[in-house]
Amino acid sequence: MIQVSTRSGLDRALAQVGHRAGGQRPHLALVPTMGNIHAGHLQLVKAAKLRADITAVSIYVNPTQFNQSDDFTHYPRTLDADLNKLAGEQVDLVFTPDSEEIYPHGETLHAQVESPLAAFGLENSHRPGHFRGVATVVCKLFNLFQPTSALFGKKDYQQLAVINAMVNELFQPVEIIAEETVREADGLALSSRNSRLTDEQRAVAPLLFSTLKTVANDLTHGADYRELEQNAAAMLTTAGFNVDYVAVRDRTLRTPEPGDRNLVVLAAAELGKVRLIDNLETAIAATEAA
Ligand code: PAF
């Protein structure tokens, strides 16, 4: 496994693995991460290895997508363990840049990619500017790697939509692959932030997903989705969550129209200082109260 930390080193490494050669390029699949590699990331790596000749992972805790400096400071950084896990999966190339490499002109004075889905609220209402940071760093990584495909987890559903929109609207020649959320046995979606939950919070955390399942189930019985959103938020609040939103949307993240069958239930809520997000796709008609 090659590890490089500079843009010029990355260029040389890509040439070494044949990705800068003329003619037919090998398929390079990129898994962008912020490190603290867990089974969810490893599923993306495994899926990448199935489709690609070269599997590359980037590890970079991107400051411009954090709204709170506290969240950025406490984001778990476990580089040595991450490299071991990735070597165990026979990853070909790992890129571990610092901010000098990604934002050589500073974090504020740089060309930015505006989030194309800003109007849809959800994460954007609670984390203004977050998706601008995500889209900008992912665009930079795509420009540096020029990957054939890139893999993202569905846990960050709106992030996936933002990246798909960016690639479509900016004609970026990369195929975006979405992988299912990996969960603990009790349903909690794997996330690097889970390690910051206290034992007490960890015991409550699976309620987020079970609430999404309740909403999805009640949608099958024709309940008004707006009432379900309110009831679910109230249930989570009673259980100790500080709820940002529970929302039923269509798969493009627009408010559902009567008769829409392909929906997604999304939620974001804090337990103490740890913000959890999750979602559940469902294929059921939503009905609205008259
Ligand atoms: O999902 C993440 O870990 C990050 O948002 C990403 C896509 C690596 C961009 O920093």
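Scroll up for the structure.
Residues numbered from 1 in each chain as written. Predicted model: local features only at pLDDT ≥ 70, side-chain atom pairs only at ≥ 80, totals over all residues. Heavy atoms only, no water.

## Quick notes on the pairing of strand β8 (residues 262-271)
- Counting buried residues in β8 gives eight out of 10 residues, a clear majority hidden from the surface.
- Here strand β7 (residues 242-250) pairs with β8 via eight bridges, running antiparallel. Bridge pairing links Tyr 245 to Ala 268 in β8.
- The pairing of β8 with strand β9 (residues 274-283) spans 10 bridges and is antiparallel. Each residue of the ladder has a partner; that of Ala 268, found in β9, is Ile 277.
- Counting the residues that bridge the hairpin from β8 to β9 gives two residues, and of these Gly 272 lies at a positive phi of roughly 60°. (Buried < 20%, exposed > 50% of the residue type's maximum accessible area, 1.4 Å probe, protein only. Helix = DSSP H or I, 4+ residues; strand = E, 2+ residues; numbered from the N terminus. Pairing = 2+ DSSP bridges.)

## Things to note about the layout of surface pockets
- Put simply, the largest pocket is a space of about 270 Å³.
- Lining the largest pocket are 14 residues, with Gln 68, Asp 71, Glu 270, Lys 273 and Arg 275 sitting closest to its centre.
- Listing elements by their share of the lining of the largest pocket, those giving two or more residues are α3 (69-74) and β9.
- Per-class residue counts for the lining of the largest pocket are one nonpolar, four polar and nine charged.
- Taken as a whole, the second largest pocket spans an internal volume of roughly 190 Å³.
- Considering the residues around the second largest pocket, the lining is formed by 16 residues, among which Ile 59, Tyr 60, Val 61, Arg 77 and Pro 97 are closest to the centre.
- Within the lining of the second largest pocket, the residues separate by chemical class into nine nonpolar, five polar and two charged. (1 Å grid on protein atoms, 1.4 Å probe; cavity = no way out; pocket = protein on both sides within 12 Å on 5 of 7 lines; lining within 4 Å. Points joined across faces, edges and corners; volume = space filled by probe spheres on them. Nonpolar A, V, L, I, M, F, W, Y, C, P; charged D, E, K, R; others polar.)

## Some words on the sheet that holds strand β1 (residues 2-4)
- An order of β1-β4-β3-β2-β5-β6 is seen for the six strands of this open sheet, with the pairing classed as parallel. Edge positions in the sheet fall to β1 and β6 (175-179), since each has one partner strand and no second. Neighbouring strand axes in the sheet, compared pairwise and without regard to direction, differ in orientation by 25° on average.
- Along the sheet, helix α7 (residues 130-145) makes contact with β2 (28-33), β3 (54-59), β4 (93-95), β5 (149-153) and β6, crossing β2 at roughly 150°.
- Its contacts with the sheet place helix α8 (residues 157-169) against β5 and β6, and it is angled at close to 165° to β6. (Axes fitted to C-alpha atoms, helices over the stretch in contact; angles between N-to-C directions. Contact = heavy atoms within 4.5 Å.)

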